[in-house]
Amino acid sequence: MAGKVIAVVPAAGSGRRMGSSRAKQLLLLGGRPILTRTLQVLLDIAEVEGVVVSAPADSLDLVANTCLEPYGLSQAVVLVAGGKERQDSVHNGVTKALALGAGRVLVHDGVRPLAPPELFRRVLDAAGESGCAIGAIPCVDTIKQAGPEGWVEKTLDRSRLWQVQTPQAFDAALLAGALDKAKQAGFVATDEGGLMEWAGHRVRLVEGSRRNLKITTPDDLELARGWLGETDMPWRMGQGLDVHRLVNGRPLVLGGVEVPSSMGLLGHSDADVLTHAVMDALLAAVGMGDIGGMFPDSDPAFKGADSMELLSRVVQRLGEAGWRPQQVSVTLAAQRPKIAPHVEAMRDNLAARLGIEPGMVNVAATTSEELGFVGRSEGMAALATAVIVAVE
Ligand code: MG
C-alpha cells in the first residue's frame, strides 16, 4: 500500500461526562494534558509519519498553547478544526491526512493516552493486509439487552461480543470514501469501524489492551493516575524577580496598595514591582515565559495598566492551562518608606486575585542596609516564589 501512515486524532469532545468545565483531553495526567500524552505516544511510533489533531474550532489556540507549544509539539502535529460530531472531526482530519500523502490512516482517540505501542503496530499490520482493522477486547461482563423501562429483553452470547477501542487503521482512500458516502446519506457511526461496516467493507478485529483506557469520567482519570503511580495531585513551582527605578512625582503602588511616598516607581504600567514578581513566578511555574512576553511594554494597551488586573489575567491563563495558584511568597527590597504597615493589605489584595486564602500568601519587606541601588533609594526589587497545583 503506497503512501504514508498518518495518525488522525479526534479531540473535539467536551468535559461534560467529566463534570469539569475543561475539555477532558486538556485535563492533566502526570502533569501533562491527556491529549499531549496521547500525541507523544503516537509520535514515538516509528511507522507513524504524521499526526493530525482535530480540535474544536473555537479552541485551536487553547490546544496549541496548552498541549503542543509547551511540549515542543507545534511542528510535529498538524492542528485542524473539528466538526459537530466525532465523525465530522475525523472527516476533517482524514481530508488533511490525504493532503499530506496518507496511504493508511490510524484513527486514535485523544483521550486514550495509555495504549501500548505494540497495539498500534498490530492494528497497522492488519490494516495493511485487509484495509480495515480495529482494536477490541473480548467482553468479560455478561451483556443484557433491555427495553426503555429497564426490563431485560434478552441475554447476548458473550463469547461473540467485543468491546471496541481505538487505534483503528484503514486504507486512507477507503476511509475517505466511506466518510463522504456517510455524509451524503446522513449516517453517523460511533466509531470508524462501524462506518466501514456500514459502507460494506469487512472489518478485522485485532486484540486490543485493557490498559488502553478511554478517559471519560473522573473515575477513569483516577484509575489512570493510579496506574502511573501518581498518588497526589501534581504541583510545580516558579520564581520571579523584578526591579523598577524610583522617580519623583509618580504614585508608589505595591501589591495593589498606594503607599504614601514622595517617590514612585517608573514603568509602562503602574510599575507595581511586587505584583510583577508574583506574576513572573506564576508564569515560570507553568512554563509560560514572563509578563514581558504576555503584556509587552511596547503595547499601548498596557500603558498605566493596573497590575492587579494583569494578575487576574495571569491567573486566568493558568486556569486555561489546567493549573491554579496554591501558595505565593514575595519579598520586597526597599529602603524607604516603611512598608510594614501596608503588608497585610497587600497580602489580602494578592490573595483575592489569586483566589486563595490570605494565609497562603506571604508578603515580606527588607531594606538593604543602605547598600546598592535599593539602599540609595534609586529603585526597588521584589523576589517571588509560587507553587501551583493541577485543577481537578
Ligand atoms: Mg516590572
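It should be emphasised that the depicted structure is a prediction, and the values quoted were computed from it without experimental measurement.

Analysis parameters
Residues numbered from 1 in each chain as written. Predicted model: local features only at pLDDT ≥ 70, side-chain atom pairs only at ≥ 80, totals over all residues. Heavy atoms only, no water. Helix = DSSP H or I, 4+ residues; strand = E, 2+ residues; numbered from the N terminus. Rg over C-alpha atoms; globule rule 2.2 N^0.38 Å. Contact = heavy atoms within 4.5 Å. Areas by Shrake-Rupley, 256 points an atom, 1.4 Å probe, with all protein chains shown as cover. Salt bridge = Lys/Arg side-chain N within 4 Å of Asp/Glu carboxyl O. Expected span 1.5 Å × (residues − 1). Buried < 20%, exposed > 50% of the residue type's maximum accessible area, 1.4 Å probe, protein only. Arc of directions from axis to C-beta. Polar contact = N/O pair within 3.5 Å; in protein donor to acceptor, adjacent residues only side chain to side chain. pLDDT = per-residue confidence, 0-100. 1 Å grid on protein atoms, 1.4 Å probe; cavity = no way out; pocket = protein on both sides within 12 Å on 5 of 7 lines; lining within 4 Å. Points joined across faces, edges and corners; volume = space filled by probe spheres on them. Nonpolar A, V, L, I, M, F, W, Y, C, P; charged D, E, K, R; others polar. Pairing = 2+ DSSP bridges. Right-handed = clockwise from strand over helix to strand, strands pointing away. Donors = N, O, S within 2.8 Å, 3.2 Å for Na, K, Ca; no water. Axes fitted to C-alpha atoms, helices over the stretch in contact; angles between N-to-C directions. Patch = residues over 30% accessible without salt bridge, like charges linked within 9 Å, V, L, I, M, F, W, Y side chains within 5 Å.

## Observations regarding the overall build of the protein chain
Move 1: Summing up its helical and strand segments, the protein chain has twelve helices and 18 strands in all.
Move 2: Rg of the C-alpha trace for the protein chain: 27 Å, well past the compact-globule value of 21 Å for 392 residues, more than 25% over.
Move 3: The contacts of the protein chain with a sequence gap of at least 6 include a subset with a gap of at least 24, amounting to 72%.
Move 4: Within the structure as shown, the protein chain displays about 18700 Å² of accessible surface, and the carbon and sulfur contribution to it stands at 49%.

## Some details on the pattern of salt bridges
Move 1: For the structure on display, the rule yields seven salt bridges.
Move 2: The partner of Asp109 in a salt bridge is Arg86, and the shortest N-O contact between them spans 2.5 Å. Of the two residues, Asp109 sits in the loop between strand 6 (102–107) and helix 4 (117–130) while Arg86 sits in helix 3 (residues 86–99), which places them 23 residues apart along the sequence.

## Examining the environment of Leu27
Move 1: In this fold, Leu27 is placed in the loop between strand 1 (4–10) and strand 2 (28–29).
Move 2: Once the C-alpha coordinates of Leu27 and Leu221 are considered, the two residues, 194 residues apart in sequence, prove to be 8.9 Å apart.

## Structural notes on helix 5 (residues 172–185)
Move 1: Over its 14 residues, helix 5 runs 20 Å from end to end, which matches the ideal 20 Å to within 8%, given 1.5 Å per residue.
Move 2: Buried residues of helix 5: Ala172, Leu175, Ala176, Ala178, Leu179 and Ala182, and no others. Considered in projection along helix 5, the buried side chains sweep an arc of 160 degrees and stay on one side of the axis. Relative to its buried face, helix 5 has exposed residues pointing more than 90 degrees away, namely Ala173, Gln184 and Ala185.
Move 3: Looking at the packing, one finds that the buried side of helix 5 touches helix 3, strand 6, strand 10 (162–171) and helix 6 (192–198).
Move 4: The N-terminus of helix 5 is capped by Asp171, whose side-chain oxygen sits 3.1 Å from the backbone nitrogen of Ala173.
Move 5: After helix 5 finishes, the residue Gly186 shows a positive phi value of roughly 70 degrees.

## A few points about the confidence of the model for the protein chain
As a general rule, the predicted coordinates of low-pLDDT regions are not to be interpreted in detail.
Move 1: Averaged over every residue, the pLDDT of the protein chain is 93; residues scoring 70 or more account for 96%.
Move 2: Here strand 2 stands out as the element of the protein chain with the lowest mean pLDDT, 88, in contrast to helix 11 (residues 343–354), whose mean of 98 is the highest.

## Considering empty space enclosed by the protein
Move 1: Under the defined criterion, the tally for this structure stands at one cavity of 30 Å³ or more.
Move 2: Size it by volume and the largest cavity reaches roughly 70 Å³.
Move 3: Leu28, Pro33, Asn65, Thr66, Pro70, Tyr71, Arg236, Val286, Met288, Ala321 and Trp323 are the residues that line the largest cavity.
Move 4: Here the residues of the lining of the largest cavity are counted per class, giving eight nonpolar, two polar and one charged.

## Topic: the pairing of strand 4 (residues 50–55)
Move 1: Of all six residues that make up strand 4, six are buried, and the element is covered over most of its length.
Move 2: Residues Gly50, Val52 and Ser54 line one face of strand 4 and the alternating positions Val51, Val53 and Ala55 line the opposite face, and both faces are buried.
Move 3: In this sheet, strand 4 lies alongside strand 1 in parallel orientation, the contact comprising five bridges. Across the sheet, the residue bridging to Val9 is Val53, located in strand 4.
Move 4: Handedness of the crossover joining strand 4 and strand 5 (residues 77–81) through helix 2 (residues 60–68) is recorded here as right-handed.

## Some points on the coordination of the magnesium ion
Ideal geometry at a metal gives 109.5 degrees between four tetrahedral donors and either 90 or 180 degrees between six octahedral ones.
Move 1: Every protein donor of the magnesium ion is listed here as Asp242 (OD), His244 (NE2) and His276 (ND1), and their distances to the metal cover 2.1 to 2.2 Å.
Move 2: Each donor residue of the magnesium ion lies on the same chain, and together they follow the pattern D-x1-H-x31-H. The two residues Asp242 and His244 agree in class, both being buried.

## Some remarks on unusual backbone geometry
Move 1: The omega torsion across Thr166 and Pro167 is 10 degrees, close enough to zero to call that bond cis.
Move 2: With respect to the helices and strands, Pro167 occurs in strand 10.
Move 3: A cis amide bond links Arg336 to the next residue, Pro337, at an omega of 0 degrees.
Move 4: Tracing the chain through its elements places Pro337 in the loop between strand 16 (323–333) and helix 11.
Move 5: We note that Ala271 has phi near 60 degrees; this positive angle belongs to a residue other than glycine.
Move 6: Among the secondary structure elements, Ala271 is positioned in the loop between strand 15 (263–265) and helix 8 (273–286).

## Remarks on the sheet that holds strand 1
Move 1: Spatially, seven strands are ordered 5-4-1-6-10-7-11 in an open sheet, and the strand pairing comes out mixed. Two strands lie at the open edges of the sheet, namely strand 5 and strand 11 (204–207), each paired on one side alone. Across this sheet, the average inter-strand angle for adjacent strands is 30 degrees, counted without regard to direction.
Move 2: Note: strand 4 against strand 5, five bridges, orientation parallel. Considered in strand 5, the bridge of Ser54 is made with Val80.
Move 3: Helix 2 rests against strand 4 and strand 5 of the sheet, and its axis sits at about 155 degrees to strand 5.

## Side note on a nonpolar patch on the surface
Move 1: A cluster of nonpolar side chains, namely Leu241, Val243, Phe373 and Leu383, defines an oily patch on the protein surface of about 360 Å² accessible area.
Move 2: With respect to the secondary-structure elements, Leu241 resides in strand 12 (residues 235–248).
Move 3: Overall, the relative accessible area of 58% leaves Leu241 in the exposed class.

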